Amino acid sequence: MNDTLERLATILEERKNADPQHSYVAQLYQAGQDKILKKLGEEAVETVLAAKSRESDAIIHETADLWFHSLVMLAESGLRPEQVLRELERRFGLSGLEEKANRG
Ligand SMILES: N=c1c2ncn([C@@H]3O[C@H](COP(=O)(O)OP(=O)(O)OP(=O)(O)O)[C@@H](O)[C@H]3O)c2ncn1[C@@H]1O[C@H](COP(=O)(O)O)[C@@H](O)[C@H]1O
C-alpha cells in the first residue's frame, strides 16, 4: 500500500522542532493555526480554478498543494492521515463498494 501520506506526516511532525529559518512547515507552525487555515483555503480555491481550467498538470499540482496543506492542518491539530484514511475505509466498507469492487 502507498504510504506517502504517512511518511510525509512523520516529517511534518518532526518539523514541530525545526528552525523556521530553514523549514517552510516550521514557519507555518510558528505563524499559527489561522495562517495554516488561510493557506488551506487558498489552496482549495486554486484547486477549484485548476479543475475549471481542465488542465491536467495544473489540477495535479494544485491538488498536491491542497493535500500537503491538509496534512499540515492535521499535524497542527494533533491528528494523523491514517485516521482520515481509516474513516474513508470505514465508509467504503459501509457502502459495500469494496465487495462490489472485488467482484469486479
Ligand atoms: N510537499 C511539500 C510542499 N508542497 C507544497 N509546499 C509549499 O507550499 C507553498 C505553496 O504555496 P503557494 O503556491 O501559495 O506558494 P507561495 O506563494 O510560495 O506561498 P506563500 O508565500 O503564499 O506562503 C510553497 O511554498 C511550496 O513550496 C511544500 N513544502 C514542503 N513540502 C515537503 O514538506 C516537507 C517539509 O518541508 P520543509 O519544512 O520546508 O523542510 C519536505 O519533505 C518537503 O518536500
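Under an unreviewed UniProt entry, the protein chain has the name Phosphoribosyl-ATP pyrophosphatase and belongs to Nitrosococcus watsoni. Database annotation for the protein chain, UniProt heading Pathway (unreviewed entry): "Amino-acid biosynthesis; L-histidine biosynthesis; L-histidine from 5-phospho-alpha-D-ribose 1-diphosphate: step 2/9." UniProt's Catalytic activity (unreviewed entry) comment on the protein chain is quoted here verbatim: "1-(5-phospho-beta-D-ribosyl)-ATP + H2O = 1-(5-phospho-beta-D-ribosyl)-5'-AMP + diphosphate + H(+)".

This part is about the nonpolar core. Among the nonpolar cores identified, the biggest contains 10 residues, and these are Leu 12, Val 25, Leu 28, Tyr 29, Ile 36, Phe 68, Leu 71, Val 72, Leu 74 and Ala 75. When residues of this core are assigned to their parent elements, the largest contribution, five residues, is made by helix α4 (residues 56-76). Every residue in contact with Val 72, bar those within four places of it in the chain, is listed here: Leu 12, Leu 28, Tyr 29 and Ile 36.

Inspection of every chain in the model, using the stated rule, returns one aromatic pair. With centroids separated by 6.4 Å and ring planes inclined at 25°, the aromatic side chains of Tyr 24 and Phe 68 adopt a geometry described as stacked. Taken together, the positions of Tyr 24 in helix α2 (residues 24-31) and Phe 68 in helix α4 put the pair 44 residues apart, joining distant regions of the chain. Taking relative accessible area as the criterion, Tyr 24 reaches 39% and is therefore assigned partly exposed.

Bringing the pattern of salt bridges into the picture now. Applying the stated criterion across every chain yields a total of eight salt bridges. Taking the shortest distance from any N to any O, the salt bridge between Lys 16 and Glu 13 comes out at 3.1 Å. With relative accessibility at 34%, the residue Glu 13 sits in the partly exposed group. Residue Arg 91 is joined to Glu 87 by a salt bridge in which the shortest nitrogen-to-oxygen separation is 3.0 Å. Highlighted residues: Arg 91 and Glu 87, both in helix α5 (residues 81-95), separated by four residues, approximately one helical turn. On the basis of relative accessibility, which here comes to 48%, the residue Arg 91 falls in the partly exposed class. Here the salt bridges do not stand alone but share partners, grouping Lys 38, Lys 39, Glu 42 and Glu 43 into one network.

Now for the packing of helix α1 (residues 4-14) against α5. At a minimum axis separation of 9 Å, α1 and α5 run at an interaxial angle of 150°. Considered as vectors, α1 and α5 are oriented roughly antiparallel to each other. Here α1 contributes Leu 5, Glu 6 and Ala 9 to the contact with α5, which in turn contributes Pro 81, Glu 82 and Leu 85. Partitioning the contact of α1 with α5 into residue classes produces four nonpolar, no polar and two charged.

What follows concerns the side chain of Lys 39. Counting through the fold element by element, Lys 39 comes out in helix α3 (residues 33-53). The exposure class of Lys 39 is buried, given its relative accessible area of 18%.

Parameters at a glance
Residues numbered from 1 in each chain as written. Predicted model: local features only at pLDDT ≥ 70, side-chain atom pairs only at ≥ 80, totals over all residues. Heavy atoms only, no water. UniProt positions renumbered as here; feature names shortened; annotations may be inferred. Core = buried A, V, L, I, M, F, W, Y, C linked by side-chain atoms within 4.5 Å. Buried < 20%, exposed > 50% of the residue type's maximum accessible area, 1.4 Å probe, protein only. Helix = DSSP H or I, 4+ residues; strand = E, 2+ residues; numbered from the N terminus. Contact = heavy atoms within 4.5 Å. Phe/Tyr/Trp six-rings, centres within 6.5 Å; stacked < 30°, edge-to-face > 60°. Salt bridge = Lys/Arg side-chain N within 4 Å of Asp/Glu carboxyl O. Axes fitted to C-alpha atoms, helices over the stretch in contact; angles between N-to-C directions. Parallel < 35°, antiparallel > 145°, perpendicular 65-115°, else oblique. Nonpolar A, V, L, I, M, F, W, Y, C, P; charged D, E, K, R; others polar.

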